[in-house]
Every structure is written in C-alpha cells, then in structure tokens.
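Residues per chain, in single letters:
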Amino acid sequence: MSKPIEVRNPRTGKFDYVIVPPPPKLLSQQCHRLRRGQIIWQKLGVEGRITALKAWKQVILSERTLLTEALVSDTGRLSTSIIEVDSFISSIDKWCNLAPQLLQGTAKNTSIPFIALQQTAVPYALVGVISPWNFPLLLSTIDTIPALLAGCAVIVKPSEITPRFVAPLMTTLNTIPQLRDVLNFVEGAGQTGADLIEDVDLICFTGSIETGHLVAEAAAQKFIPAFLELGGKDPAIVLESADLDLATSAILWASVANTGQSCSAIERIYVAESIFEEFYHQLVTKAHQLKLAYPTIESGEIGPIISEKQAAIINDHLQDAISKGAVIHCGGKVEELGGGWWCRPTVITKVSHSMKIMTEETFGPIMPVMPFSTIEEAINLANDCIYGLSAAVFTQSEELAIEVADKIEAGVISINDAGLTSLINEGERNAFKFSGLGGSRIGTIGLKRFLRKKALLIKTNSNKDPWWFNDEV
Ligand code: NAD
C-alpha cells in the first residue's frame with residue numbers, strides 16, 4: 001500500500017482531500033490492461049473511436065456541474081474553471097472532426113515507376129501523460145484526446161496538487177466500456193509519474209524545466225519519444241507607436257489571467273522610454289480595478305495562488321526585487337487571507353535583469369516594467385532568458401512588428417495583443433530554448449505525434465530484380 005497524500009485546499013489552506021497512489025506493481029498491471037484494450041481500440045477504426053468519444057462527451061455534459069465543482073475546489077477560482085470545462089468539451093468535438101482526414105493513408109508513386117508506395121501509420125500502443133496544476137483538466141486532456149483518436153491507449157497522471165477533478169471524470173469514463181479499457185487517470189505525485197514512464201511507449205509531459213529534465217532523461221534511457229511542454233517567462237515589447245490603451249489592457253489580461261499561473265503569462269514588459277511613464281501609469285490604474293475573488297469566489301477576478309510552493313516563489317521574487325531597488329506601484333506582496341495565499345495585480349518599475357523577477361519564472365500576477373532606448377536593446381532584453389515559449393509586440397506598424405517578432409526567440413508571438421497562444425488552436429509552434437522539446441501539440445500535427453509512419457513499398461510488375469537475374473545465360 002502506497003502512502004496517502006493529503007491535498008491542500010487553495011482557498012482555505014486546509015488539507016481536506018486525500019489521494020492514494022497505486023503501488024508500482026498495480027500501476028504496471030493497469031498499464032498492461034490498457035495495452036490489451038488498445039489492440040481492440042485500434043481495430044475499431046477511427047469512426048468507432050469517434051463514436052465512443054462522442055458518447056463520453058454526452059455523459060460529461062450531463063455531469064458537467066460535478067466536474068466543474070471539483071475543479072473549482074482544486075483551483076479556488078470559478079470563471080476560469082467553467083472556461084476550462086468548456087474548452088475540454090469543445091476539444092473533443094474539434095479532434096473528432098479533424099481525425100478522419102488526418103488518419104487517412106495515402107497511395108503514391110515512387111521515383112521507381114514499378115514501385116508504388118502506400119503510406120500508413122501505426123499508433124504508439126500506450127501513451128503516458130503527466131500534467132501540472134495550473135489548468136488541471138485541460139492539461140491532462142490536451143494530449144489525451146488526440147492520442148486516443150490516433151488509436152493509442154492513454155494513462156494520465158495529473159498533478160497531486162489538484163486531483164479532485166479525477167473522481168467525477170472517472171465516473172463519466174466508467175460509463176463508456178470501450179473507453180474505460182483504454183484510458184485511465186491515476187493519482188499520485190512525482191514517484192508515480194516516474195514509475196509511469198517505465199511502462200509507456202511515449203510520454204507527454206507538461207510541467208517545470210526541473211522535472212522536464214528528469215522526464216527527458218528517463219525517456220532517453222527507455223528510448224521512447226518525450227514531448228516536453230515546460231515553463232515560460234514571456235516578454236512583451238511595447239514600441240513607441242503602440243496604442244497604449246490597447247497595449248495596457250491586453251498586457252494586464254495576459255499577465256494576471258488565472259492569477260498569472262499560466263506558462264504563457266506576460267512576465268516582463270519592455271516599453272520605449274518616451275512612453276514609459278504613461279504606460280505604467282495606465283497599467284497601474286487598470287490593475288487597481290481588479291479585485292481578489294475573496295471573501296467569496298465571486299468577489300473579484302483574481303483567484304488564490306493554487307500551489308503553496310508557488311506562493312513562496314512569488315514572495316521570494318518580490319523580496320529579491322525590492323531588496324535590489326525595485327519600486328512597487330500596486331500589489332507587491334503575497335498575503336494570507338482565510339488560509340489561502342493571495343497576490344493582487346502588481347506593477348513594478350526600477351527593475352533589471354539582475355533580479356529573479358526578470359529572469360526566472362514567477363507564475364504570479366506580477367508586471368515588472370522596464371524602459372528601453374532602442375529596438376535592438378528591447379530585442380536583446382527579450383532574448384536574455386533561458387525560456388522561449390511565447391511573446392508579444394505592440395506597435396501600429398505591422399511591418400515593424402513582424403520584423404521584431406522574427407528576432408524574438410520564441411514559438412508564438414502575439415502582435416498588438418498578448419497571450420493569444422492560449423486562445424488560438426491553429427498554427428503549429430515549437431517551444432524555443434528550455435521551454436520545451438518535441439513536435440507541436442497545437443495544430444493538426446498534434447495528433448500525428450502519436451503515430452509511427454510506415455511505408456509499404458509495393459512492386460507492381462513481375463520483373464525479377466536485382467538486375468543480374470535478368471541476364472539470362
Ligand atoms: P512540476 O514539474 O512540479 O510537476 C508537473 C508534473 O510532474 C506533476 O504531475 C508532478 O507530480 C510530476 N512529476 C514530478 N516529479 C516527477 C518525476 N520525477 N517524474 C515524472 N513526473 C514527475 O510542475 P508544476 O509545478 O505542476 O507546474 C508548473 C510548471 O508547468 C510551470 O513551470 C509552467 O510554466 C509549466 N507549464 C507549462 C505549460 C506549457 O504548455 N508549456 C503549460 C502549463 C504549465
């Protein structure tokens with residue numbers, strides 16, 4: 001029997017939920033069961049798999065309230081949880097619509113006239129998904145749905161910090177026998193994640209760089225593909241000609257949505273020095289309008305910091321910046337209210353790259369603003385970071401925006417908006433630098449990551465080969 005793990009409630013600080021990780025032997029048995037189910041699942045064909053997923057969707061819709069309530073308890077925030085459930089449901093529709101075409105084999109000629117090619121693809125039998133706590137449902141299903149449609153079985157290990165949504169989701173899953181045989185969510189912490197990698201054929205990991213290293217090493221030992229979606233420290237560059245009202249609204253949203261607990265949150269803002277003062281004054285005015293979702297969950301827009309460990313990191317980054325001369329214009333501290341950890345939208349100036357707040361992932365509603373004098377300096381500052389997830393550029397010249405965007409080392413650049421990466425499902429993107437590794441999960445290619453390509457090379461005439469057999473003696 002594994003040791004139970006107590007789970008903290010982000011609003012009350014009370015440990016009011018318990019999970020019991022499966023012992024390694026039981027986990028292996030579960031993986032074995034899923035592998036057996038996968039053989040039938042693959043044979044079912046894409047239309048059969050779509051039928052099963054659509055049936056699951058109907059059950060989820062009928063149990064949506066319970067699922068949302070569990071997610072709200074996990075995260076302490078309401079409207080984002082509702083959006084998260086909606087996005088999960090619509091992702092089932094999206095992938096069901098795309099899958100038939102994506103899974104079609106093709107027949108082609110080759111460079112040799114009498115050899116035809118049939119291009120097919122074979123799903124990896126068992127895919128492992130390990131996910132973080134900031135969007136618990138969305139990030140544990142974002143790879144799961146396309147992998148299932150590709151014909152794989154999937155085992156998911158969500159974060160031990162936000163596991164309450166698993167029980168209602170499993171209740172819905174258990175009503176669809178075909179899916180129950182190929183999909184399972186297991187509870188547990190890092191050790192269960194590490195054990196799971198030992199039993200799968202491909203691993204999709206979303207989480208920190210630190211854990212990403214461990215996952216990549218374990219996958220390399222096993223010689224299995226690892227898709228890593230890791231942290232970010234997204235910059236926004238605001239050029240002199242930018243529409244300030246638009247820029248401050250977009251940047252504020254992208255910095256503080258989900259309390260800044262998003263890999264693609266804007267965490268550094270570089271502003272042309274001629275508009276610097278006006279920019280941060282506007283940002284402060286708008287930031288003041290946002291309220292904490294406390295004492296009630298509907299009191300405001302800013303939810304609690306979900307992870308206690310993250311609250312300590314945010315506090316550490318703030319203290320480090322303040323001790324090095326940063327000036328706080330609003331917010332500025334992590335406070336305990338009713339047992340939860342909270343941080344108001346925080347605008348900071350007099351910051352530099354000697355501070356953690358400008359170089360390490362903070363994952364809170366923090367907006368450090370720094371002036372620049374030339375565009376080249378702004379680009380250098382944006383690239384002076386180990387992360388390369390996404391970024392934003394604001395200017396009224398689209399041509400200049402694209403020129404700047406081309407020079408930023410990141411996989412997605414929003415132009416005259418920010419944080420679009422979390423809203424747009426089209427457009428393939430790779431993480432740069434330490435923000436990740438492997439093919440794009442976004443765009444139709446996301447599903448193809450779960451297939452191994454197979455070429456059938458078919459001889460279409462009856463000539464013997466190689467050529468020397470044709471020289472009759
Ligand atoms: P984390 O790395 O601490 O944990 C992520 C998951 O890995 C959890 O389920 C955890 O139990 C598991 N884990 C821990 N040790 C493991 C091990 N040795 N082997 C296998 N699994 C192990 O990350 P977190 O704090 O939960 O999440 C926050 C991080 O996730 C941030 O850095 C954030 O930027 C990143 N993130 C990235 C994206 C993206 O798409 N790039 C999206 C969301 C979050």
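The preceding data block contains the structure.
Because the structure is a prediction, the values reported are computed rather than measured.

What counts and how
Residues numbered from 1 in each chain as written. Predicted model: local features only at pLDDT ≥ 70, side-chain atom pairs only at ≥ 80, totals over all residues. Heavy atoms only, no water. Near = heavy atom within 4 Å. Polar contact = N/O pair within 3.5 Å; in protein donor to acceptor, adjacent residues only side chain to side chain. Areas by Shrake-Rupley, 256 points an atom, 1.4 Å probe, with all protein chains shown as cover. Helix = DSSP H or I, 4+ residues; strand = E, 2+ residues; numbered from the N terminus. Buried < 20%, exposed > 50% of the residue type's maximum accessible area, 1.4 Å probe, protein only. Salt bridge = Lys/Arg side-chain N within 4 Å of Asp/Glu carboxyl O.

1. Quick look at the site of the ligand
Taken together, 30 residues form the shell around the ligand, and within it E160, S208, T211, L230 and E361 come nearest. Contact distances for the ligand include 3.3 Å between an oxygen atom and a backbone N or O atom of G207. Interatomic distance of 2.5 Å between a side-chain N/O atom of E361 and an oxygen atom of the ligand. Protein contacts shield 88% of the accessible area of the ligand, which totals 860 Å² for the unbound molecule. Mapped onto the shell around the ligand, the elements with two or more residues apiece are α8 (190–197), β8 (202–206) and α9 (209–222).

2. Describing unusual backbone geometry
For the bond running from Y294 to P295, omega is 10°, close enough to zero to count as cis. Among the secondary structure elements, P295 is positioned in the loop between α11 (276–288) and α12 (308–323). Even without a glycine there, the phi angle at K350 is positive, about 55°. Secondary-structure assignment places K350 in the loop between β15 (346–349) and α13 (356–359). With relative accessibility at 62%, the residue K350 sits in the exposed group.

3. Brief notes about the pattern of salt bridges
This model, assessed by the stated rule, comprises 18 salt bridges. Between D143 and R441 there is a salt bridge, and its shortest N-O distance comes to 3.0 Å. One end of the pair, D143, is in the loop between α4 (136–141) and α5 (144–150); the other, R441, is in the loop between β21 (436–437) and α16 (445–448), with 298 residues separating them in the sequence. Here R441 falls in the buried class, since its relative accessible area comes to 10%. Here K286 makes a salt bridge to D245, at a shortest N to O gap of 2.6 Å. Of the two residues, K286 is situated in helix α11 and D245 in helix α10 (residues 244–256); the sequence distance between them amounts to 41 residues. K286 gets classed as buried once you look at its relative accessible area, which sits at 14%. By relative accessible area, which is 47% here, D245 ends up partly exposed. Here the salt bridges do not stand alone but share partners, grouping D143, E229, R441 and R449 into one network.

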